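What follows is each chain in one-letter form.
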Amino acid sequence: MELPDFMSYANKFSQSEFVEKISKIAKRAGSKLVYAALILFYTLQSDKVSAKNKALIIGALGYLISPLDVVPDAIPIVGLSDDLGVLIYVLKTVWTDIDPSITDRAKERLSKWFDEDEISEIDNLFG
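Rules of the game
For every chain, the first residue of the written sequence is number 1, and numbering continues from 1 along that sequence. Per-residue local features are limited, in this predicted model, to residues with pLDDT of at least 70; the limit for side-chain atom pairs, both in listing and counting, is 80 or more; totals at the level of whole chains, interfaces and linings are taken over all residues. Values shown for side chains rest on all heavy atoms present in the structure; no hydrogens or waters enter the calculation. Put simply, DSSP marks the helices as runs of H or I at least four residues long and the strands as runs of E at least two long, and each gets a number from the N terminus on. Whether a residue is buried, partly exposed or exposed follows from its accessible area with a 1.4 Å probe, protein chains only, as a fraction of its type maximum: under 20%, in between, or over 50%, in that order. Note on contacts: a residue pair qualifies if any of its non-hydrogen atoms lie within 4.5 Å across the two residues. Each accessible area value is a Shrake-Rupley result obtained with a 1.4 Å probe; residue values ignore everything except the protein chains displayed when judging cover. Under the convention used throughout, the expected extent of a helix is 1.5 Å for every residue step, that is, one less than its residue count. Any pair of Phe, Tyr and Trp rings, taking the six-membered ring for Trp, is counted once the centres come within 6.5 Å. Such a pair is stacked with planes under 30 degrees apart, edge-to-face with planes over 60 apart, and tilted for the rest. Working definition of a nonpolar core: buried Ala, Val, Leu, Ile, Met, Phe, Trp, Tyr and Cys residues. They are joined through side-chain atoms within 4.5 Å. To obtain an axis, a line is fitted to C-alpha atoms, over the contacting stretch when the element is a helix, and the angle between two such axes runs from 0 to 180 degrees between their N-to-C directions. For this classification, under 35 degrees means roughly parallel, over 145 means roughly antiparallel, 65 to 115 means roughly perpendicular, and everything else is oblique. Each helix crossing is assigned a hand: it is left-handed if the near helix lies turned anticlockwise from the far helix by less than a right angle, otherwise right-handed if that turn is clockwise. For this classification, Asp, Glu, Lys and Arg are treated as charged, while Ala, Val, Leu, Ile, Met, Phe, Trp, Tyr, Cys and Pro are nonpolar and the rest, including Gly, are polar.

Visitor: Pulling in residues and values, what's your account of the overall build of the protein chain?
Guide: Scanning the protein chain from N- to C-terminus turns up 6 helices and 0 strands. For the protein chain, buried positions account for 47% of its 127 residues. Taking contacts inside the protein chain between residues at least 6 apart in sequence as the whole, the part at least 24 apart equals 75%. Working note: accessible area of the protein chain is about 6,800 Å², and carbon and sulfur atoms make up 54% of it.

Dropping the structure here:
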């Protein structure tokens, strides 16, 4: 899958819209997408992340929030696949900036929305 120019979505990102979107799509999106989004969201709040990587994260989260993307979110099953692709791409790009405490925080939040079987999907985040 070819990734869209998600940086054009940077102006779509806001903290409140992110939280609203994640809470609406959590179960439908699956734990892998939500986990990736949470890691990026918490990484964005770190002062150890470069401005360049923060810009990438904002673009990716803006893409997730935006209702206008390559594959509309309303399409069952495949509607969020492009969002996941963008999130995973950016996550791989900024992975060296991600502190283990951020992934722990994301897992903790994930446990409030998903059961153990669903959470096991995140073990193979990049696969």
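Moving on, there is more to tell.
Visitor: Before we move on, can you summarise helix 3 (residues 51–65) with the specific residues and values?
Guide: The terminal C-alpha atoms of helix 3 lie 21 Å apart, and with 15 residues this matches the ideal 21 Å at 1.5 Å per residue to within 8%. Within helix 3, the full set of buried residues consists of Asn53, Leu56, Ile57, Gly59, Ala60, Leu61, Gly62, Tyr63, Leu64 and Ile65. The inward-facing, buried residues of helix 3 abut helix 1 (15–29), helix 2 (31–44) and helix 4 (81–94).

Visitor: Could you give an account of the packing of aromatic side chains, naming the residues involved and the relevant values?
Guide: Two descriptors summarise a pair of aromatic rings, namely the distance from one centre to the other and the angle between the planes of the rings. On inspection of all chains with the given rule, the structure shows 4 aromatic pairs. Ring geometry for Phe18 versus Phe41: centroids 4.4 Å apart, planes at 15°, classification stacked. Of this pair, Phe18 sits in helix 1 while Phe41 sits in helix 2; the two residues are 23 residues apart in sequence, bridging distant segments of the chain. When its relative accessible area of 2% is taken as the criterion, Phe18 is described as buried. Measuring from ring centre to ring centre gives 5.2 Å for Trp95 and Phe126, while their planes differ by 85°; the resulting arrangement is edge-to-face.

Visitor: Lay out the environment of Ile122 in plain terms, naming residues and giving numbers.
Guide: With respect to the secondary-structure elements, Ile122 resides in the segment after helix 6 (116–119). Taking C-alpha positions, Ile122 is 6.6 Å from Ser31, a pair spaced 91 residues apart along the chain. Apart from residues lying up to four places away in sequence, Ile122 is in contact with Ser31, Lys32, Tyr35, Lys107 and Leu110.

Visitor: Can you lay out the nonpolar core for me, pointing to particular residues and giving the numbers?
Guide: One finds Phe18, Leu40, Leu61 and Leu87 to be the most contacted residues of the largest nonpolar core, which totals 40 residues. Where this core is concerned, the elements lending two or more residues are helix 1, helix 2, helix 3, helix 4 and helix 5 (100–110). The leading source of residues in this core is helix 2, at 11 residues.

Visitor: Quick one: what's the story with the packing of helix 2 against helix 4, residue by residue and with numbers?
Guide: One can describe the packing of helix 2 onto helix 4 by two numbers: an axis separation of 10 Å at closest approach and a directional angle of 45°. One way to sum up the angle between helix 2 and helix 4 is to call them oblique. In terms of crossing hand, the pair formed by helix 2 and helix 4 is left-handed. Each of Lys32, Leu33, Ala36, Ala37, Ile39 and Leu40 in helix 2 lies in contact with helix 4, whose residues at this interface are Asp83, Leu84, Leu87, Ile88, Val90, Leu91 and Val94. Looking at the contact of helix 2 with helix 4, its residues break down into 11 nonpolar, no polar and 2 charged.

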